[in-house]
Amino acid sequence: MTAPQASSRPLVEAPIYRRKNCRLCAGKRLDLVLKLCPTPLEDDYRKADRLAPQKSYPLDLACCADCGHVFLLDVVDAGKIYSEYLYVTQTSLGLGEHYDRYAASVIGKLGLPAGCFMVEFGSNDGTMLRAFQKRGLKVLGVDPAAPIAKAATEAGTETVADFFTAALARRIKAERGPAALIAANMVFANIDNLDDIAAALVELLADDGVFVCETGYLLDNIKNLVFDNIYHEHLAYHSVKPLAAFFARHGLELFDAEAVDSKGGSVRFFVQRKGANRPVEPSVAAFIAREDAAGIHAAAPYVELARKLDETRARLHDLLGGFKRQGKKIAGFGASHSVTTLAHHFKLPPFLEFIVDDNPRKQDTFMPGYHIPVFHPKALLERKADYAVILPWRFSGPIRERHAEFARAGGRFIDVLPTVEVL
Ligand SMILES: [Zn+2]
């Protein structure tokens, strides 16, 4: 899930609280391992008529000394973010095909027969559920964004407009029976109260039912320098070891895990009732061994990451400061959740005259906090930018390809990571 419509946000500031204990084990020994620059709500790109100073919230990453869970200490109220959620999955190119492959893979792996009952929470407009529906499963979506739930239901994928809780799970089970499959995609990291999610799974799963969950993967994020995946909507940065212990405490069992090459590295894991019929696959121990070897449940890799980010910021300031002194015009490319984190942490906006983005919903808005204007990419040529800093750096290749005209006209793109480079 990403990118609510820019104009959808209320002007009120979001409520926030700072966690005093671990989300997964309730342990109180929390180590602050990474401190990024505070930012406003990362997707609060505003139109000119709503421009007002935006409050920034800390991006402090803690690691639980007891179980290794890594998470943001400050929790911004989910209701504020999701009840206004106007993003529609289908508008994201390629996701339909991704879910088609996903449905085929999960159904095949678990041997799910046609007619069995499946629930997805955080189901958005039902794009993923429809891939399962097409293959004969009875599906029900759960999503707190009321307008999207309504639209999904009208389009033929019944969706309850609510948060997935133990109380709702009880109601669903009473009305429709237990679920053979419960799914959550790119939403697990956004949920504060995971104890209640576990309780909901215990309520609703059939005896041989499976919970399948895809979420960002901490080890890949660290290894690949994807620190810009850290923003307020993502409360947690999951890894297999703390999750396996968490589910075990709730009478459940994480029995399989797969690497998924999306969003800078993700993991898909499978959970059943403890002692249900599926064996625990060697993949679980293999994931945990890799996590232990990388030391991601303690401070060292984050210290190294912070050092690398400091070094990158210094190089960028040298380079861009030099161009500025020569009177060159520098623009930024990209306006997204991740860009808010990256631009704030590297303190780039003072160097950028404007930003461009392909997404029409972002055009004619202003970047959260710094209020730099976001234009259509044609502004690169029209406003005669000399340089364009590629802020969503993982997509540097496709961006340069799509906007080759800028380079042909003499413009130069700049990469920020993994190394600062004028292209
Ligand atoms: Zn913990």
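In the block above lies the structure referred to throughout.
Conventions we followed
- Residues numbered from 1 in each chain as written.
- Predicted model: local features only at pLDDT ≥ 70, side-chain atom pairs only at ≥ 80, totals over all residues.
- Heavy atoms only, no water.
- Helix = DSSP H or I, 4+ residues; strand = E, 2+ residues; numbered from the N terminus.
- Polar contact = N/O pair within 3.5 Å; in protein donor to acceptor, adjacent residues only side chain to side chain.
- Contact = heavy atoms within 4.5 Å.
- Pairing = 2+ DSSP bridges.
- Axes fitted to C-alpha atoms, helices over the stretch in contact; angles between N-to-C directions.
- Salt bridge = Lys/Arg side-chain N within 4 Å of Asp/Glu carboxyl O.
- Buried < 20%, exposed > 50% of the residue type's maximum accessible area, 1.4 Å probe, protein only.
- Core = buried A, V, L, I, M, F, W, Y, C linked by side-chain atoms within 4.5 Å.
- Domains from an automatic or database assignment.

*Asks:* Pulling in residues and values, what's your account of the side chain of R268?
*Replies:* Following the sequence through the fold, R268 ends up in strand β13 (residues 266-273). Looking at R268, its side chain comes within polar contact range of the side chain of E214, at 2.9 Å. Residues in contact with R268, not counting those within four places in the same chain, are Y102, S105, V212, C213, E214, D256, A257, E258 and V260.

*Asks:* Go over the sheet that holds strand β6 (residues 117-121), please, and point to the residues and values.
*Replies:* The strand order β8-β7-β6-β9-β10-β13-β12 describes an open sheet built from seven strands, whose pairing is mixed. Either end of the sheet is taken by a strand with one partner, and the two such strands are β8 (159-160) and β12 (252-260). Bridge analysis of strand β7 (residues 138-142) against β8 gives two bridges, and the strand direction is parallel. If you follow V142 over to β8, its bridge partner there is V160. In the packing of helix α5 (residues 166-176) onto the sheet, contacts are made with β6, β7 and β8, and the angle to β7 comes to roughly 155°.

*Asks:* Give a detailed account of the pattern of salt bridges, specifying residues and quantitative values.
*Replies:* If charged atoms from side chains of opposite charge come close, those side chains can pair. Applying the stated criterion across every chain, the model contains 25 salt bridges. We note a salt bridge from R268 to E214, for which the minimum N-O separation is 2.9 Å. Of this pair, R268 sits in strand β13 while E214 sits in strand β10 (residues 205-216); the two residues are 54 residues apart in sequence, bridging distant segments of the chain. Taken together, the salt bridges that share partners define one network made up of K109, E214, D256, E258 and R268.

*Asks:* Give me the lowdown on unusual backbone geometry, citing residues and values where you can.
*Replies:* Look at the link from L417 to P418: it is a cis peptide, with omega at -5°. Considering the arrangement of structural elements, one finds P418 in the loop between β19 (412-415) and β20 (421-422). The residue N124 is not glycine, and still its phi comes out positive at about 55°. Following the sequence through the fold, N124 ends up in the loop between β6 and α3 (127-133). Overall, the relative accessible area of 3% leaves N124 in the buried class. In this model, H371 sits at a positive phi of 55°, which is unusual for a non-glycine residue. Take H371: it is sitting in the loop between β16 (365-366) and β17 (373-375).

*Asks:* I'd like a description of the nonpolar core, backed by residues and values.
*Replies:* Membership of the largest hydrophobic core comes to 89 residues, with the highest contact counts inside it found for F121, F164, F211, F247 and F269. Both domain 1 (89-298) and domain 2 (328-422) contribute no fewer than three residues apiece to this core. Not counting residues up to four positions away in its chain, the partners in contact with F164 are V119, F121, V142, A169, I182, D196, I197, A200, L201 and L204. Y102, V106, L137 and A180 belong to the second largest nonpolar core, which has 22 residues in total.

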